[in-house]
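Chain and residue survey
So the chains spell out like this:
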Amino acid sequence: MSLLQHSSAAAARPAALRSFEAQWLGRDADALSALREEAMERFLRLGLPSTRDESWRYTNLRHLAAHGFVDAPRAPAGSLEPTASLCLLGVAERVATVLVVNGYPVLPSSIDLSFNGIEINSLRELSRTDPGLVSNYLAPASDADVARWRLLNTALFVDGLYLKIGTRVETPLVILHLSTAEVPDTVAYPRVIIDASANSSAVIIEHHVQQGELTPLCNSVTQLRLKRGAQIEHFRVFATGPKTTHIDSMDVRQERDSRCKQFTIALGGGLVRTSLEAHLNEPGACLDSYSLLVGHEERHVDCVNIATHSAPHTRSHQTARAIASGSSRVIFNSKVVVDAGAVQAESQQSCRGLLLSPSAEIDTRPQLEIRADEVKCAHGATTGRLDPDMLFYMLSRGLDRETAQSLLVYAFLADVLTGMSVASARAAIENALIAQLPDSQVLRKFR
Amino acid sequence: MLKITGLHARVAGKEILKGVNLEVNAGEVHAIMGPNGSGKSTLAQVLAGREDYEVTGGSVEFEGRDLLALPAEERARAGLFLGFQYPVEIPGVNNVYLLKAALNAKRKAAGEPEVDAYEFLALIKQKMKLMQMSETFLTRGVNEGFSGGEKKRNEVLQMLVLEPKLAILDETDSGLDIDALKVVSMGVNSLRDPKRAVVLVTHYQRLLDYIVPDQVHVLSGGRILKSGDRSLALELERRGYDWVRESRVA
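Residues numbered from 1 in each chain as written. Chains lettered and ligands numbered in written order. Predicted model: local features only at pLDDT ≥ 70, side-chain atom pairs only at ≥ 80, totals over all residues.

**Things to note about the overall build of chain A**
Which entries qualify depends on this criterion: Starting at the N terminus, helices and strands are each numbered in turn, a helix being any DSSP run of H or I of at least four residues and a strand any DSSP run of E of at least two. Counting other C-beta atoms within 10 Å of a residue's C-beta gives its exposure: the residue is buried at 20 or more, exposed at 12 or fewer, and partly exposed in between, where C-beta atoms are placed from the backbone.
The number of helices and strands found in chain A is 11 helices and 22 strands. Within the span of chain A, comprising 447 residues, buried residues form 51% of the whole.

**A closer look at the overall build of chain B**
For clarity, the threshold we go by: Between the two quantities, the radius of gyration covers C-alpha atoms and the globule rule is 2.2 Å times the number of residues to the power 0.38.
In terms of helices and strands, chain B carries 8 helices and 12 strands. Rg of the C-alpha trace for chain B: 18 Å, near the compact-globule value of 18 Å for 250 residues, within the 12% margin. By its C-alpha atoms, chain B is 60 × 40 × 35 Å across when sized along the principal axes.

**Remarks on the interface of chain A and chain B**
The figure often quoted for interface size is the accessible area lost as the parts come together. What counts, and what does not: Once C-beta atoms have been placed from the backbone, residue pairs whose C-beta atoms lie within 7 Å are recorded as contacts. Only Asp, Glu, Lys and Arg are considered charged in this grouping, and only Ala, Val, Leu, Ile, Met, Phe, Trp, Tyr, Cys and Pro are considered nonpolar; every other residue, Gly among them, is considered polar.
Contact with chain A, which involves 19 residues of that partner, is made by 21 residues of chain B. Taken together, the elements giving at least two residues each to the side of chain A that touches chain B come down to α8 (388-395) and α9 (401-417) of chain A. Ranked by residues supplied to the side of chain A that touches chain B, first place goes to α9 of chain A with 7 residues. The residue makeup of the side of chain A that touches chain B, split by class, is 12 nonpolar, 3 polar and 4 charged.

**Notes on α8 of chain A**
Every α-helix carries 3.6 residues per turn, so stepping three or four residues along brings you back to the same face. Within α8 of chain A, 6 of the 8 residues are buried, which leaves the element mostly enclosed by the surrounding structure. Among all positions of α8 of chain A, only Met-390, Leu-391, Phe-392, Tyr-393, Met-394 and Leu-395 of chain A are buried.

**A closer look at the sheet that holds strand β1 (residues 2-11) of chain B**
Residues and elements named next belong to chain B. To keep it simple, the criterion reads: Any two strands with at least two DSSP-identified bridges between them are counted as paired.
Read from one edge to the other, the open sheet built from 4 strands follows the order β2-β1-β4-β5, with strand pairing classed as antiparallel. Two strands lie at the open edges of the sheet, namely β2 (14-24) and β5 (65-66), each paired on one side alone. Relative to β5, strand β4 (residues 53-62) runs antiparallel, the two being bridged by 2 bridges. The residue bridging Phe-62 from the neighbouring strand is Arg-65, located in β5.

**Section: the packing of helix α3 (residues 33-46) of chain A against helix α7 (residues 148-156) of chain A**
All names here are of chain A. Threshold: Think of each axis as a best-fit line through the C-alpha atoms, taken over the contacting stretch in the case of a helix, with angles from 0 to 180 degrees between the N-to-C directions. We call two directions roughly parallel when the angle between them is under 35 degrees, roughly antiparallel when it is over 145, roughly perpendicular when it lies between 65 and 115, and oblique otherwise. Handedness of a helix crossing follows the sense of rotation of the near helix relative to the far helix, less than a right angle counterclockwise being left-handed and clockwise being right-handed.
The N-to-C vectors of α3 and α7 enclose an angle of 140 degrees; their axes lie 8 Å apart at closest approach. By the criterion of interaxial angle, the relationship of α3 to α7 is oblique. Note that α3 runs across α7; the crossing there is left-handed. Two secondary-structure elements touch here, α3 through Leu-35, Arg-36, Ala-39, Met-40, Arg-42, Phe-43 and Leu-46 and α7 through Arg-148, Leu-151, Leu-152, Thr-154 and Ala-155. For the contact of α3 with α7, the per-class residue count stands at 8 nonpolar, 1 polar and 3 charged.

**Some details on the packing of α8 of chain A against α9 of chain A**
All names here are of chain A. For the pair α8 and α9, interaxial distance at closest approach is 9 Å and the crossing angle is 135 degrees. As far as their axial angle goes, α9 and α8 are oblique. α9 is crossed by α8, and the crossing has right-handed handedness. Between α8, through Met-390, Leu-391, Met-394 and Leu-395, and α9, the contact on the second element is made entirely by Arg-401, Ala-404, Gln-405, Leu-407 and Leu-408. Of the residues belonging to the contact of α8 with α9, the class tally is 7 nonpolar, 1 polar and 1 charged.

**Quick look at α9 of chain A**
Residue and element names in this part refer to chain A. Test applied: A helix is expected to reach a length of 1.5 Å times the quantity of its residues less one. Think of it this way: the bend at a residue is just the angle between two axes, each fitted to seven residues, one set ending at that residue and the other starting at it.
Here α9 contains 17 residues, and its C-alpha end-to-end distance of 24 Å stays within 8% of the 24 Å for a straight helix at 1.5 Å per residue. Ala-411 marks where α9 bends most, by close to 25 degrees. Residues Thr-403, Ala-404, Gln-405, Ser-406, Leu-407, Val-409, Tyr-410, Phe-412, Leu-413 and Val-416 constitute the buried set of α9.

**What to know about the nonpolar core**
Rules: When buried Ala, Val, Leu, Ile, Met, Phe, Trp, Tyr and Cys residues are joined through C-beta atoms within 7 Å, the set is termed a nonpolar core.
Judged by nonpolar contacts, the single largest core of 195 residues is most densely connected at Ile-175 and Leu-293 of chain A together with Ile-168 of chain B. The biggest single contributor to this core is α9 of chain A, with 7 residues. Other than its neighbours up to four places away in sequence, Leu-293 of chain A contacts Ala-266, Val-301, Cys-303, Ala-320, Ala-322, Val-330 and Phe-332 of chain A.

**As for the sheet that holds strand β7 (residues 173-179) of chain A**
All names here are of chain A. Here 10 strands make up an open sheet; going across it, the order is β3-β2-β7-β10-β12-β14-β16-β18-β20-β22 and the pairing mixed. Edge positions in the sheet fall to β3 (104-106) and β22 (376-384), since each has one partner strand and no second. Within the sheet, the average angular offset between the axes of one strand and its neighbour, ignoring direction, is 15 degrees. Sheet topology note: the strand β14 (residues 259-266)/strand β16 (residues 286-295) ladder contains 8 bridges and is parallel.

Have a look at this one:
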């Protein structure tokens, strides 16, 4: 599996690319090698996405290119216990927390774990025992720039999680992704595959946090497949520190009458780039995507959502709320594609931005690409400051300015928060959110 | 209680108030009438402390204090209330939150403890009953999806809970049917007492059948052109505003 054909160009490649190739060359062969090699070759051929690429227009990764990366450490089982403050949900409220450190699941020795209807496997183990199953999920993504980092993850992830949801699961499962490093310039490749059986349901919360000062560059991928009639509520919550760079790609595939609620919540990180590609492949599939993007201090958040309707009677609703304070920048691009034949498709894109400081920036762009007749697609995008009429109304009732402003900021987020069906998850996310808003002390009183 | 002397104000660079003089004493109800664009709403907003309305001259005393030196929130806590002509909808901020925060802000300013949650709910429910409002109001966002009439009732409800010393009601009667008008009037009348005052800004004499004013003023072209008792309102209805403007010129 030599990639010698690339070596003549190697000198011209940025250090980052060369280091990824070196990682590849150092990997042991496994049952997935053929698929991985194809992904790696394509990644090296296409290179790092740049601002010339459509979905990367607002996010420049040049600062990464000059670094050479090595694998983030794998933590031995039991050596890391996340502190309680990192946990989103109280012990009584979660069915289980699965700890994943730098992409490696920290599971008890048994490879077949079951938590009330959710079967949990290590991807490394599963690719030994059932390589065909895992291969199904590694089929090459397109060359599209939005999927570029996913190719790299496919080539280089060593371990990951495979969850099979077999029934209706009432309480949420938390996947606690812990990022940690001892030296600079490490990289992690967390991979999570969620397979929801027909008519199953579950709430899965992926929570990204860090421990210690240093973190790896995180290139994570989550794949979610919903079989007929499955109902999944999935959260990805980014809550690492201000120096972290995180690139997360999510891919959702939905069969007939399945329903997916997906929440993307950026509350932390220095540079957070998220993508969601949802494929509504069969009639009756429904997607509700909610994005809550909080720009704080110097943070850069770039969120790309693409919903593709390829069957009749499919529905997608995208709701995004972006808040930017300090000198942060928040970008939200959403796109709805309606393939020919996807008649009676219905889509809505609602995107609102709220600027809280003169040096913050929000860019939003809803797009539509329709190749079918008889569809109903609506979109709207607005960005502004706090409404002076609302503010004056509250001041005229005697509320102090801080309280009035906080309430208005909070109200702005209500459309996303009210979409969360699990009260405990909502409360936990509200808590984490409030801590990032101006006048958080004032706000806590109103909850 | 309220003494306005030579008040001038601009909105978006245009002079709207051109020397308003008005004195309102405790226990009195004053009605300010006038044609559209005469400056009635501007006067109400300036008194409540709207920042983008620029005061260019004159003074306003409220209970001996310089009202114009106070920000809007302190005017409210000092006992001034503005009932808005067009109450804004604030989705996501609960009606009850807002009312409770408003009442507590006022109590805090007066050195009183915060209101007990149970007592507060009982108080609101009692006032809501008086205003004939549905209980669904409790769970809704501020004015969210309210009809015009519901918004006006909500303004009066807020006034009843906050018990201001001076209430300025900006066209609280407009857009109300006769039944709603009676309810709103009853609410306002229930607040009348020798220590409080009410300024009604209105376009129509009709409201004054239910809330009988002590004095009626005609505001036109940014000035008060004529003052009188209730009969002035009746005469205005009969003869129109042109009559005041013409008689002034003559």
